[in-house]
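# A look at the structure
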Amino acid sequence: MSGTMIPDPISELADLQPPHDPYALYARLRDSSPVCWSDRIGSWVLTRYEDCLAVLRDPASFASDWRRIGENTPEPLLSIQSLDPPEHTGIRRLLVDAVRAIDYSGLAKAVTAEVGRRLANLSRRESFDYVTEFAAPLALKTITTVLGCPPIDPDWFFPLSQRIVDGMDAGIWPETDEPAVSARAELADVTGTWLSRRCSEGLIGYVTAAAATSGVARPVLLNSLRAVLHAGFESAGRLLGIGFAALLAEPDGMAKLATSAPGLAMEEIVRFAAPVQADGRACVAQRRLGGQLIAAGDPVTIMFGAANRDPARFAAPDVLDFTRRPNPHLGFGRGAHSCLGQPLAILQARIVFTTIAVEYPRARTVREPVYRRNLTLRGISSHEASLH
Ligand code: HEM
């Protein structure tokens, strides 16, 4: 495929200065060139809700498994995220069953206790870093509890995990690729021991018991558990970070949340925050999107964050509206590869945000949040806040 869009939409995104807020640019792209080609990443870029949804709903034409357009996927990357049916079906079913089998009321109690304890400690201080001292350690604790794996050293894991996230933008910043590959290998050394250690708790316990009869290849199983750890930590942790910043930026945000229906409020925070901003598919059969012909073999980038602010789908899309209903956002994707951790991420976010809104209604920003430059996973590296 070739294209002549100038300037390149992805280069424009990459060049945004701190706080790297992409939403004004998304709005311009949606209006002027909703399906446009980026030479920078060699992909179509979709910013309208309708086009993003069409791709997510059509896995026969738009592959998650890039081997379907002749690309090579190294074995460490073969996982639930990178396979299509029929190989995707077995691992997806196994992990969906494992997520369904979670004791949600037990988990809610454990997370509530953990959140209460951490916030009580932090409330003794004038201010603290909400991301590094609260959201990130909490997200790691939650996902390791859910997985039932041995504890993971945060000082080792946090920078390693960030290298993997940086590598998701390697199409833009190629120098991030090699550090991400080595970080994934380092992480695999740890997660690769999980099944042999015979962890009997949580998702790993469930999967270990069911693995023999599931027919899922062992490397796919291990890579997928590693993906659950990484996605469960990064996406859910980033949701806590951006969601908190959005609540504090909103006039009376905490008070509005305290009096809102938590289910609707959490969906709205996911729509608004969209920590997973983008994902890719490979077109396997020629299709037309937004008037453009997408050829077989062309990569397509779905911009979830842009779709979630599309005024053609959401009234007043830049307003955080806890009464929004329906709210068919794409923050968790849609279709065959939609987010597996959705109920877990919502549970954790609900407990964190409602606890702060009810118990610490005077929570405030002390120093403006610092957004990372990452474009695939949006997130905040630090946010000095006070609970008083
Ligand atoms: C405990 C937390 C989480 C876990 C364990 C988790 C896990 C996963 C996994 C394993 C997939 C791949 C599913 C597949 O390919 O069949 C996935 C997809 C996805 N997740 Fe999550 N996730 C979590 C939290 C989140 C959060 C907080 C968000 C955003 C708000 C999110 C957004 C997404 C999106 C957009 C996809 C779809 C990607 C695509 O279409 O290719 N996830 N998640």
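What counts and what doesn't
- Residues numbered from 1 in each chain as written.
- Predicted model: local features only at pLDDT ≥ 70, side-chain atom pairs only at ≥ 80, totals over all residues.
- Core = buried A, V, L, I, M, F, W, Y, C linked by C-beta atoms within 7 Å.
- Buried ≥ 20, exposed ≤ 12 C-beta atoms within 10 Å, placed from the backbone.
- Helix = DSSP H or I, 4+ residues; strand = E, 2+ residues; numbered from the N terminus.
- Contact = placed C-beta atoms within 7 Å.
- Pairing = 2+ DSSP bridges.
- Axes fitted to C-alpha atoms, helices over the stretch in contact; angles between N-to-C directions.
- Near = placed C-beta within 6 Å.

### Focus on the nonpolar core
In terms of nonpolar packing, the biggest core is built from 107 residues, with Leu-46, Cys-52, Ala-139, Ile-302, Met-303 and Phe-304 touching the most fellow members. For this core, the element with the most residues is helix 10 (residues 218-249), which contributes 15 residues. Once residues lying within four places of it in the same chain are set aside, the contact partners of Met-303 are Tyr-26, Val-45, Leu-46, Thr-47, Cys-52, Gln-277 and Ala-278.

### A word on the sheet that holds strand 1 (residues 35-38)
Taken together, the five strands give an open sheet; going across it, the order is 1-2-8-5-3, and neighbouring strands pair in mixed fashion. For this open sheet the edge positions go to strand 1 and strand 3 (62-63), each flanked by a neighbour on one side alone. For strand 3 and strand 5 (residues 278-283), the ladder comprises two bridges, and the chain directions are antiparallel. What sits directly across from Ala-63, in strand 5, is Ala-282. Helix 3 (residues 49-56) rests against strand 1, strand 2 (43-46), strand 3, strand 5 and strand 8 (299-303) of the sheet, and its axis sits at about 125° to strand 8.

### Some points on the site of the ligand
Inspection of the region around the ligand gives 27 residues, with Gly-232, Ser-235, Gly-333, Cys-339 and Gly-341 positioned closest. Counting residues per element, the ones that place at least two in the shell around the ligand are helix 10 and helix 14 (342-359). For the shell around the ligand, the element with the most residues is helix 10, which contributes seven residues.

### What to know about the sheet that holds strand 4 (residues 128-129)
Pairing in this open sheet of three strands is antiparallel, and the strands run 4-10-9 from one edge to the other. Two strands lie at the open edges of the sheet, namely strand 4 and strand 9 (364-371), each paired on one side alone. Direction of pairing for strand 9 relative to strand 10 (residues 380-386): antiparallel, over a ladder of five bridges. Pairing of Tyr-371 across the sheet is with Ile-380, part of strand 10. Sheet contacts for helix 6 (residues 130-147): strand 4 and strand 10; angle to strand 10, the most-contacted strand, approximately 105°.

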